[in-house]
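# Results of the structural survey
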Amino acid sequence: MAIMSFVLVLLLALHGSALGQTLSSSFYRSSCPNLTTIVRAAVQQAVQAEARIAASFVRLHFHDCFVNGCDASILLDGANLEQNAFPNAGSARGFDIVDSIKSSVESSCPGVVSCADLLALIARDSVVALNGPSWTVVFGRRDSLTASQSAANANLPPPTLNASALIASFRNQGLSTTDMVALSGAHTIGQARCTTFKARLYGPFQRGDQMDQSFNTSLQSSCPSSNGDTNLSPLDVQTPTSFDNRYFRNLQNRRGLLFSDQTLFSGDQASTRNLVNSYASSQSTFFQDFGNAMVRMGNINVLTGSNGEIRRNCGRTN
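Counting starts from 1 at the beginning of each chain's written sequence and moves along it residue by residue. In keeping with the predicted nature of the model, local features appear solely for residues at pLDDT of at least 70, side-chain atom pairs appear and are counted solely at 80 or more, and the whole-chain, interface and lining totals rest on all residues. Calculation of side-chain values draws on the structure's entire complement of heavy atoms; hydrogens and water are dropped beforehand.

### Some details on the nonpolar core
To define a nonpolar core, start from buried Ala, Val, Leu, Ile, Met, Phe, Trp, Tyr and Cys residues and group those joined through side-chain atoms within 4.5 Å. The buried label goes to any residue with under 20% of its type's maximum accessible area, the exposed label to any with over 50%, and the partly exposed label to all in between, with areas taken from a 1.4 Å probe on protein chains only. Ranked by internal contacts, the top residues of the largest apolar core, which has 79 residues, are Leu35, Val39, Leu75, Val105, Phe248, Phe290 and Met297. What counts as a helix is a DSSP run of H or I of at least four residues, what counts as a strand is a run of E of at least two, and both are numbered from the N terminus. With 9 residues, the single largest contributor to this core is helix α5 (residues 115-129). Contact definition: two residues touch when any of their heavy atoms are within 4.5 Å. Sequence-distant contacts of Val39, defined by excluding residues within four places in its chain, comprise Ile101, Val105, Leu118, Leu121, Ile122 and Asp125. Judged by nonpolar contacts, the second largest core, of 11 residues, contains Ala192, Phe197, Leu201 and Leu258.

Pasting the structure below:
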């Protein structure tokens, strides 16, 4: 396992060099040697205070990378920027804690660590804090000077996509079907708003949608037909604060909360159904593929070298 992780990091470093990139696990070894210690302690404290924040941190990294690359654009404050795009407004959270962690890092190594790298590291440590897998985080990303609300609205996959559309969405980011299903497994933690799955309870129903009737009934008390759009339900009703493979077992039992979850098993793509079955039967396989997919996602269209900047405050450009 350690050898595979090393080879993966080496390949990414070589790939980055070919593109003028310099992502490396040792990027801050001399310039900010206490980085991982500072971030790990802060994330553990945040997750102990509220387990749900771990999922929010992972989601921030994902929503950052899928919009013009992993450049911390989602952290820029502004009414017309990514934070207020439809997929993020009222649901993206954890910005204040990221700012606090950034402040601690700045105190130790001023002007050195990018907010984009910080998000990648926070996401990894959040998964570990809930007993999930670890992986080697590579560094060297720089922060964007702009953010795009229109790109966020266009590129972030909504919970209404079927398996075929999800495959296409992730392929557009250079990610495989295996990456997509593995990354969907992040829904083993966290919660979703009633508005994202209400149609699954009362209609109009999407073609091919399947939901266990008792699960449907149990959700209606917290997600009534006429209101309650912001009410929350766990994405994994079995173990919502433990990063495990129970999410995939739920899909086998037609107990996926979002349509975009359940379609991985009940949709018309045998490739996604086979992966769900594989991960449901082997947590170690899921953990390995998830870690590898997070590394690949974290390498999407990164800014390096003299591109972008190292923000001193993640919410605004220098």
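Resuming the write-up.
### Let's talk about the packing of aromatic side chains
Working definition: rings of Phe, Tyr and Trp (its six-membered ring) pair if their centres are within 6.5 Å, and the pair is stacked with planes under 30 degrees apart, edge-to-face with planes over 60 apart, and tilted otherwise. The tally for this structure, following the rule as stated, stands at 15 aromatic pairs. On the basis of an interplanar angle of 5° and a centroid distance of 5.7 Å, the ring pair of Phe243 and Phe286 is categorised as stacked. Here Phe286 lies in helix α14 (residues 283-297) and Phe243 lies in the loop between β2 (232-234) and α11 (246-252), a separation of 43 residues in the sequence. Relative accessible area serves as the criterion here: at 1%, Phe243 is assigned to the buried category. When the centroid spacing of 6.0 Å and the interplanar angle of 50° are considered together, the rings of Phe243 and Phe287 count as tilted. A residue pair is termed long-range when its members are at least 10 positions apart, and Phe243 in the loop between β2 and α11 and Phe287 in helix α14 qualify at 44 residues.

### Some points on helix α10 (residues 213-220)
Where α10 is concerned, the buried positions are Phe215, Asn216 and Leu219. One side of α10 carries all its buried residues, which in axial view fall inside an arc of 105°. Close packing links the buried residues of α10 with α9 (198-202) and β2. An arc is given here, and it is the one of the directions from the helix axis to the C-beta atoms.

### Details of the packing of helix α3 (residues 52-65) against α5
When two helices pack together, their arrangement is given by the angle between the helix axes and the distance between those axes. An axis is simply a line fitted to the C-alpha atoms; with a helix, the fit covers only the stretch in contact. Between two such axes, the angle follows the N-to-C directions and lies from 0 to 180 degrees. Relative orientation of the contacting elements α3 and α5 amounts to 145°, with a least axis distance of 8 Å. Between α3 and α5 lies a crossing whose hand is left-handed. Every residue of α5 that contacts α3 at Ala54, Phe57, Val58, Leu60, His61 and Asp64 is listed here: Leu119, Ala120, Ile122, Ala123, Ser126 and Val127. Polar here means any residue other than Ala, Val, Leu, Ile, Met, Phe, Trp, Tyr, Cys and Pro, which are nonpolar, and Asp, Glu, Lys and Arg, which are charged; Gly is therefore polar. Classifying every residue of the contact of α3 with α5 by side-chain character gives 9 nonpolar, 2 polar and 1 charged. It is the rotation of the near helix from the far one that decides the hand of a crossing: anticlockwise by less than a right angle makes it left-handed, clockwise makes it right-handed.

### Considering the confidence of the model for the chain
The predictor attaches a confidence to each residue, called pLDDT, with possible values from 0 through 100. Confidence in the prediction of the chain, expressed as mean pLDDT, is 94, and 93% of residues score 70 or more. Confidence over residues 1-20 falls short of pLDDT 50; this stretch has 15 contacts with residues more than four positions distant or in other chains.

### Here we look at the side chain of Asp64
By the secondary structure assignment, Asp64 is in helix α3. Lacking a salt bridge, the buried Asp64 has Arg311 as its closest oppositely charged neighbour, with an N-O distance of 6.8 Å. Pairs of N or O atoms within 3.5 Å make up the polar contacts considered here, provided that, within protein, one atom can donate a hydrogen while the other can accept it, and that residues adjacent in sequence are counted only when both atoms are side-chain atoms. At a separation of 3.2 Å, a polar atom in the side chain of Asp64 contacts the main-chain amide nitrogen of Asp71. Looking at Asp64, its side chain comes within polar contact range of the main-chain nitrogen of Ala72, at 2.9 Å. When neighbours within four sequence positions are excluded, Asp64 is seen to be in contact with Gly69, Cys70, Asp71, Ala72, Ser73, Ile74 and Leu119. Only four residue types enter the tally: Lys and Arg on the positive side, Asp and Glu on the negative side, with His and both chain ends excluded. A side-chain nitrogen of Lys or Arg and a carboxyl oxygen of Asp or Glu constitute a salt bridge if their distance falls within 4 Å.

### Examining the pattern of salt bridges
Evaluated as defined, the whole model comprises 9 salt bridges. Among the charged side chains, a network of salt bridges with common partners joins Lys102, Glu106 and Arg312.

### Points about the side chain of Arg141
Mapped onto the elements, Arg141 comes out in the loop between α5 and α6 (149-155). At 2.7 Å, the side chain of Arg141 and the backbone oxygen of Val138 are in polar contact. Residues contacting Arg141, with those up to four places away along its chain left out, are Leu23, Tyr28, Cys70, Ser114, Ala116, Asp117, Ala120, Gly298, Val302, Leu303 and Ile310.

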